[in-house]
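Remarks on the overall topology
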Amino acid sequence: MLFSTVTSVLASYLASFVHDRLANPGHHTQPAPLQFELRHFHAVSPDARVLFHDVRKSDVDALAMTGEPSTYTLGRRRVKTHKPRSIDAFHRARTRSMRFLENEAIDWDEIEVDGPDVESRETLLLLAKMTNNAYLEPGEDGWYDLGGTWNVSYPFGWEPDGDGFRGHVFATPDNSTVVLSIKGTSAAFIGGGGPTSKKDKFNDNLLFSCCCARVDWTWTTVCGCYRGGWKCDQTCLEKALTDDSLFYPIGTNLYNNLTYLYPHSNIWMVGHSLGGALASLLGATFGAPTVAIESPGEKMAAGRLHLPSPPAVQPITHVYHTADPIAMGTCNGVLSSCALGGYAMESKCHLGKSIVYDTVSNLSWAVDIRTHTIVNVIEKLLANPWPPSLEVGREVPEAKPEEDCVECYSWDFGDYPPSK
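So, here is what we can say about the structure in this document. (Residues numbered from 1 in each chain as written. Predicted model: local features only at pLDDT ≥ 70, side-chain atom pairs only at ≥ 80, totals over all residues. Heavy atoms only, no water.)

Things to note about helix α4 (residues 121-133)
With 13 residues, α4 ought to run about 18 Å at 1.5 Å a step, and its terminal C-alpha atoms sit 18 Å apart, in line with that. Where burial is concerned, most of α4 is hidden: 12 out of the 13 residues are buried. R121, T123, L124, L125, L126, L127, A128, K129, M130, T131, N132 and N133 are the residues of α4 that are buried. (Helix = DSSP H or I, 4+ residues; strand = E, 2+ residues; numbered from the N terminus. Expected span 1.5 Å × (residues − 1). Buried < 20%, exposed > 50% of the residue type's maximum accessible area, 1.4 Å probe, protein only.)

Side note on the packing of aromatic side chains
The geometry of an aromatic ring pair is captured by two quantities: the separation of the ring centres and the angle between the planes. A complete count under the given rule lists eight aromatic pairs for this structure. Ring centres of Y357 and W386 lie 5.0 Å apart, and the angle between their planes is 80°; this geometry places the pair in the edge-to-face category. Pair noted here: Y357 is in strand β14 (residues 353-357) and W386 is in the loop between α13 (374-382) and α14 (387-390), with a separation of 29 residues, a long-range link. The same class applies to Y357 as to W386, namely buried. Pairwise contacts between aromatic rings join Y226, W230, W411 and F413 into one cluster. (Phe/Tyr/Trp six-rings, centres within 6.5 Å; stacked < 30°, edge-to-face > 60°.)

Side note on the pattern of salt bridges
This model, assessed by the stated rule, comprises nine salt bridges. R76 is the salt-bridge partner of D114, the closest N and O atoms lying 2.6 Å from each other. Here D114, found in strand β5 (residues 108-116), pairs with R76, found in strand β4 (residues 76-84); they are 38 residues apart in sequence, far enough to count as distant. The same class applies to D114 as to R76, namely buried. A salt bridge links D109 to R85; the nearest nitrogen and oxygen atoms lie 2.7 Å apart. With D109 in strand β5 and R85 in the loop between β4 and α3 (87-100), the pair connects residues that are 24 residues apart, well separated along the chain. Among the ionic contacts, a cluster of salt bridges with common partners joins R76, R78, E112 and D114. (Salt bridge = Lys/Arg side-chain N within 4 Å of Asp/Glu carboxyl O.)

Section: the packing of helix α7 (residues 247-261) against helix α8 (residues 274-286)
It is the contact of α7 with α8, at a shortest axis distance of 10 Å, that shows an interaxial angle of 60°. Relative to α8, α7 is oriented oblique. The crossing of α7 and α8 is right-handed. Here F247, Y248, G251, T252, Y255 and N256 of α7 come into contact with α8, specifically with L274, L278, L281, L282, T285 and F286. Looking at the contact of α7 with α8, its residues break down into eight nonpolar, four polar and no charged. (Axes fitted to C-alpha atoms, helices over the stretch in contact; angles between N-to-C directions. Parallel < 35°, antiparallel > 145°, perpendicular 65-115°, else oblique. Left-handed = near helix turned anticlockwise from the far one by under 90°. Contact = heavy atoms within 4.5 Å. Nonpolar A, V, L, I, M, F, W, Y, C, P; charged D, E, K, R; others polar.)

With respect to the pairing of strand β13 (residues 316-321)
Of all the six residues making up β13, six are buried; the element is thus mostly covered by neighbouring parts of the structure. Where burial is concerned, the two faces of β13 agree: the one with I316, H318 and Y320 and the one with T317, V319 and H321 are both buried. In the sheet, strand β12 (residues 290-293) pairs with β13 via four bridges, with the strands oriented parallel. From the neighbouring strand, A292 faces β13, where its bridge partner is H318. One ladder, built from five bridges, connects β13 with β14; its direction is parallel. Residue H321 lies in a different strand from β14, and its bridge partner there is Y357. (Pairing = 2+ DSSP bridges.)

Re the packing of α4 against α13
As a packed pair, α4 and α13 sit with axes 9 Å apart at the nearest point and diverge in direction by 160°. Taken together, the axes of α4 and α13 lie roughly antiparallel to each other. Of the two elements, α4 crosses α13, and the hand of that crossing is left-handed. Between α4 and α13, the contacting residues are R121, L124, L125, A128, K129, T131 and N132 on the first element and I374, V375, I378 and L382 on the second. The class makeup of the residues in the contact of α4 with α13 is seven nonpolar, two polar and two charged.

Observations regarding α13
For α13, the set of buried residues is I374, N376, V377, I378, L381 and L382. On its buried face, α13 sits against α4, β11 (266-272), β12, β13, β14 and α12 (359-362).

Structural notes on the environment of G251
Tracing the chain through its elements places G251 in helix α7. As a C-alpha pair, G251 and V50 span 201 residues in sequence and 8.9 Å in three-dimensional space.

Side note on the pairing of strand β8 (residues 166-171)
Burial runs high along β8: six of the six residues are buried. Sheet analysis places β8 next to strand β9 (residues 177-182), joined by five bridges and oriented antiparallel. Note on β9: the bridge partner recorded for A171 is V178. Count of turn residues in the β8/β9 antiparallel hairpin: five residues, of which N175 carries a positive phi of about 65°.

Topic: the environment of P418
The residue P418 is located in the segment after β16 (412-414) in this model. Classification of P418 as exposed rests on a relative accessible area of 52%.

Quick notes on the state of the cysteines
According to the stated counting rule, one finds six disulfides in the structure shown. The partner cysteine of C225 in its disulfide is C236, sulfur to sulfur 2.0 Å. Handedness here is read from the sign of the S-S torsion; for C225 and C236, about -75°, the answer is left-handed. Of the two residues, C225 sits in the loop between α5 (197-207) and β10 (231-233) while C236 sits in helix α6 (residues 234-240), which places them 11 residues apart along the sequence. Both residues of the pair, C225 and C236, count as buried. Here C331 is linked by a disulfide to C338, with a sulfur-sulfur distance of 2.0 Å. Taking the sign of the torsion about the S-S bond as the criterion, the disulfide between C331 and C338, at about 110°, is right-handed. The exposure classification of C331 matches that of C338, with both residues buried. In the chain, the bonded cysteines, numbered by position in the sequence, are linked as 1-12, 2-6, 3-4, 5-7, 8-9, 10-11. (Disulfide = S-S within 2.5 Å.)

On their own, these measurements won't tell you what the molecule is for.
Right under this line is the structure:
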């Protein structure tokens, strides 16, 4: 009698335990959101030194006085990424590939880290606000409040005459996660401008054109690699992208400085437009979870930089819509809006996976370069639920790799030394 009673109790307990485990499996549980504060502004001096400036408490208090939140709460999920076992070996392999066109095997470590929850519309909205704020100082017109989860940190590139790479650094109160937000292109013809616009244009034309911004015979090229007709010297192009005054080498220096300040932190990258492409290139270099919004295609630049590819897709997520000709790779040709503004935006292929909002079909948006702005994405796209995704039980479109993507097919890239 006692034995059967004990058996019955144990059976009931085990049944309850198994039911709970099946109903709430641990690997399906979403981690709690992270709260971030703005900690620093980041910028680059005229002699290419990375600078950090701590955000003052008075700046944060001023935001609070306006009723806007001074922190951001972001959803997260576990993602797999690959980091080179040795960053020295990574750069050695890059150098060997660039100089001798020889591949060198790299050992990669597959690790699981917290990354932004890119399936959450609210998370993408807050990341977009972070990228918008990278164009601004706290309290400046256009600044979006991020909520109480992000501590204010320091900015970079914010001197009155600062003319290049800049943005913000956000961190959780315990410094477990840091977000590096990079400013995109400030261009007058899409509502921007300012001291950074000249270097922004130079980097855009070098990174995203087929050959040194050679659109037609009336254009002055940004590097000396054009060889007449449709020929372009590949080695010359690759050397042009490694110049220390360009944004990618500055970005790697910035990332290294940030890991020195936060040696035990998990780092996320985020950016808009040019800033999104740079964030993606840095994410590919260091295996950092990245969200790039309305970014031009940067896959071609990654190839020219000889970034070694890990054995699986890196956690890089692009977010863009079909009415943006820059992200779609259609803002090219002599009479395009980009060309008329002096920009040769000819790339179209993206790294990682892409979340693409079909605003042309679903919202009847016209293809227009003015839809490229981050404010447009925040207020007209991410601020509201996306009906096509809700119909299939999602919050945002599914992230997918861009397969069979081709760009610059008219050009012949090869070994074409300059004529003597």
